[in-house]
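Observations on chain architecture
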Amino acid sequence: MNERATLSKDEVRTLFTEYRQASDTEEQLALRERLVGQHIGLVEFLARRFRNRGEPLEDLIQVGTIGLLKAIERFDLDREVEFSTYATPTIVGELKRHFRDKGWAVRVPRRLQELHLELTKVVGQLGQDLGRSPTVAEIAEATGSNEETVLEGLEIAQAYNFTSLDAPIDTDEGGSTSFADQLGEDDEHLENLEYRASLAPEMAKLPERERHILYLRFFKGLTQSEIAERLEISQMHVSRLLNRTLSSLRQALEEQ
Amino acid sequence: MHPEVVAIKIPASPIYLQVIRLVAAGLASRLEFTIDEIEDLKMAVDEMAAYFTGTNGRDGTIEVRFEIKDDCLEITGAGSFAPGEKVRTDLTDFSRMILETVTDSASLQQVNGTPTFNLVKSKSS
């Protein structure tokens, strides 16, 4: 995603035309990547409008990028409207939906929301400095709080999961850009497991990103921190996505 | 020296799993587990306890024992249920895959007619 808004309106339209006409998957992905790069600034701008709500900016940018990808797929070239005008409500809608569906499911005091946000940052930063996942004591020291508070803050991440038991799983959420880069990895093991565990229909309902995280955690053996680094999201977001996915699969299995 | 033990009894409902997760995390933190290891432990507890609570809870209780050893935590959960509550005690392939990844050992079985799970998680270093 190195290419940022450098094209004129007409050039963007040309890029869209090429993208629509591309028949080769690889070519399509490359063109889509360029379209994303051209508009990532817009996503960042819109994501920043939501940054005071207790979610790390990088996670919001990821959510916004999903909205951007949807807009790219749906944009109708025959219309006279500029793409950025068209995409804005889709991106904002995706961000709002993120807060509505995956936001604080139970009422969480502002103090804890802020703590959660701070922890998200500190866990990532300490992980980089130490070259390994930090301990609770190390986080407490870095944030100037005590271990109990840190534990409480970590558990708060689970508050997101309470909604997932009732919420339908999104089928079209996958495919952020950093994620799209990694597609094509061998998911054979996962398919094998689906078959054995008769999970196939449930796995198929998972967004691509969630499937991929499952694969990285349980077949590649990557830790949550390693997955976080690879997908450029926070470790706590990985934790949340994994726990949500597992609990929905668990429920689906129970109902079988 | 005998390992120190913490024991808690909760209703067999998913609502109370948070308590178990918090205790597990608190004890793991005393052993200086990393965040990744603590997350793994919580995931394992959730996975196992789900067999006893189901999605909607069951009529019964779960007694969870935490044994704090030098560099590992051993967690045993024993379920006690009202007659008629069906609790499966064989791990699915999916559970086994999860537990193999996030714990050192994990088992689920009937012990003298009591559904019981056992988890061991040690520190990496």
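The following refers to the structure shown. (Residues numbered from 1 in each chain as written. Chains lettered and ligands numbered in written order. Predicted model: local features only at pLDDT ≥ 70, side-chain atom pairs only at ≥ 80, totals over all residues.)

1. A short note on the overall build of chain B
Heads up, the rule is: Labels follow the DSSP assignment, with helices taken as runs of H or I lasting at least four residues and strands as runs of E lasting at least two, numbered in each case from the N terminus. For every residue, the other C-beta atoms within 10 Å of its own C-beta are counted; 20 or more classify it as buried, 12 or fewer as exposed, and values in between as partly exposed. C-beta atoms are placed from the backbone. Once C-beta atoms are placed from the backbone, any two residues with those atoms within 7 Å are in contact.
Broken down by element type, chain B carries 3 helices and 5 strands. Along chain B, helices and strands appear, N-terminal first, in the series β-α-α-β-β-α-β-β. For chain B, buried positions account for 41% of its 125 residues. Nonlocal contacts in chain B, meaning residues at least 24 apart in sequence, comprise 65% of its contacts between residues at least 6 apart.

2. Overview of the overall build of chain A
Across its full length, chain A holds 14 helices and 0 strands. Traced from its N-terminal end to its C-terminal end, chain A shows the element sequence α-α-α-α-α-α-α-α-α-α-α-α-α-α. Partitioning the contacts of chain A with sequence separation of at least 6, the portion at a separation of at least 24 is 70%.

3. Some points on the packing of helix 12 (residues 208-218) of chain A against helix 14 (residues 235-255) of chain A
Residues and elements named next belong to chain A. For the record, the criterion: Here the axes come from fitting lines to C-alpha atoms, over the contacting stretch only for helices, and the angles between their N-to-C directions go from 0 to 180 degrees. In this scheme, roughly parallel covers angles under 35 degrees and roughly antiparallel covers those over 145, while 65 to 115 is roughly perpendicular and the rest are oblique. Lys, Arg, Asp and Glu make up the charged group, whereas Ala, Val, Leu, Ile, Met, Phe, Trp, Tyr, Cys and Pro make up the nonpolar group; the residues left over, Gly among them, are polar.
The N-to-C vectors of helix 12 and helix 14 enclose an angle of 100°; their axes lie 10 Å apart at closest approach. Between helix 12 and helix 14, the angle is such that the two are roughly perpendicular. Between helix 12 and helix 14, the contacting residues are E210, I213, L214 and R217 on the first element and V238, L241, L242 and T245 on the second. Class assignment of the residues belonging to the contact of helix 12 with helix 14 gives a composition of 5 nonpolar, 1 polar and 2 charged.

4. Comments concerning the interface of chain B and chain A
Contacts between the two partners involve 23 residues from chain B and, on the opposite side, 32 residues from chain A. Elements supplying a minimum of two residues to the side of chain B that touches chain A: helix 1 (17-30), helix 2 (35-53) and helix 3 (93-102) of chain B. Looking at the side of chain B that touches chain A, its residues break down into 9 nonpolar, 8 polar and 6 charged.

5. Brief notes about the packing of helix 5 (residues 110-130) of chain A against helix 7 (residues 147-156) of chain A
Residues and elements named next belong to chain A. Between helix 5 and helix 7, the least distance of the axes is 9 Å, while the angle of their chain directions is 90°. What the angle tells us is that helix 5 and helix 7 run roughly perpendicular. Contacts between helix 5 and helix 7 involve L112, L115, H116 and L119 on the former and, on the latter, T149, V150, G153, L154 and I156. Of the residues belonging to the contact of helix 5 with helix 7, the class tally is 6 nonpolar, 3 polar and no charged.

6. Some thoughts on the pairing of strand 1 (residues 4-11) of chain B
Residues and elements named next belong to chain B. Formally: Pairs of strands are assigned from DSSP output, requiring at least two bridges between the strands.
Counting buried positions along strand 1 yields 0 of 8 residues, so the element is predominantly exposed. In this structure, strand 1 lies alongside strand 2 (residues 60-68), joined through 8 bridges in antiparallel fashion. Within strand 2, the residue paired with I8 across the bridge is V64.

7. Overview of the sheet that holds strand 3 (residues 72-81) of chain B
Residue and element names in this part refer to chain B. With respect to topology, 5 strands assemble into an open sheet ordered 1-2-3-5-4, the strand pairing being antiparallel. Bordering the open sheet on either side are strand 1 and strand 4 (105-111), each of which pairs with just one other strand. Strand-to-strand twist of the sheet, defined as the mean angle between neighbouring strand axes without regard to direction, takes the value 15°. The pairing of strand 3 with strand 5 (residues 114-122) spans 7 bridges and is antiparallel. Note on strand 5: the bridge partner recorded for T76 is N118. Its contacts with the sheet place helix 1 against strand 1, strand 2 and strand 3, and it is angled at close to 165° to strand 1.

8. Things to note about helix 14 of chain A
To be explicit about the condition: Here the expected span of a helix is defined as 1.5 Å times the quantity of residues minus one.
An ideal rise of 1.5 Å per residue puts 30 Å on 21 residues; helix 14 of chain A measures up with 30 Å between its terminal C-alpha atoms. Within helix 14 of chain A, 15 of the 21 residues are buried, leaving the element largely enclosed by the surrounding structure.

9. Quick word on the nonpolar core
Selection criterion: In this usage, the nonpolar core is the set of buried Ala, Val, Leu, Ile, Met, Phe, Trp, Tyr and Cys residues whose C-beta atoms join them within 7 Å.
Ranked by internal contacts, the top residues of the largest apolar core, which has 59 residues, are B:A24, B:A44, B:V45, B:M48 and B:I98. Look past the residues within four positions of B:A44 in its chain and what remains in contact with it is B:L99, B:V102, B:T103, B:A106, B:L119 and B:K121.

10. Overview of the pairing of strand 4 of chain B
All names here are of chain B. Of the strand pairs in this sheet, strand 4 and strand 5 are connected by 7 bridges, and their pairing is antiparallel. When the sheet's bridge partners are listed, S105 is paired in strand 5 with V120. In this structure, the hairpin formed by strand 4 and strand 5 is closed by a connection of 2 residues, where N112 is found at a positive phi of approximately 50°.

11. Re unusual backbone geometry
Residues and elements named next belong to chain B. With a phi close to 60°, E32 is a non-glycine residue in the positive phi region. Along the polypeptide, E32 turns up in the loop between helix 1 and helix 2. One non-glycine residue, N112, lies in positive phi territory at about 50°. When you line up the elements, N112 lands in the loop between strand 4 and strand 5. A count of 6 C-beta atoms within 10 Å places N112 in the exposed class.

12. What about the environment of A:E152?
In this structure, A:E152 sits in helix 7. Considered as a pair, A:E152 and A:L112 are 40 residues apart in the sequence and their alpha carbons are 8.2 Å apart.

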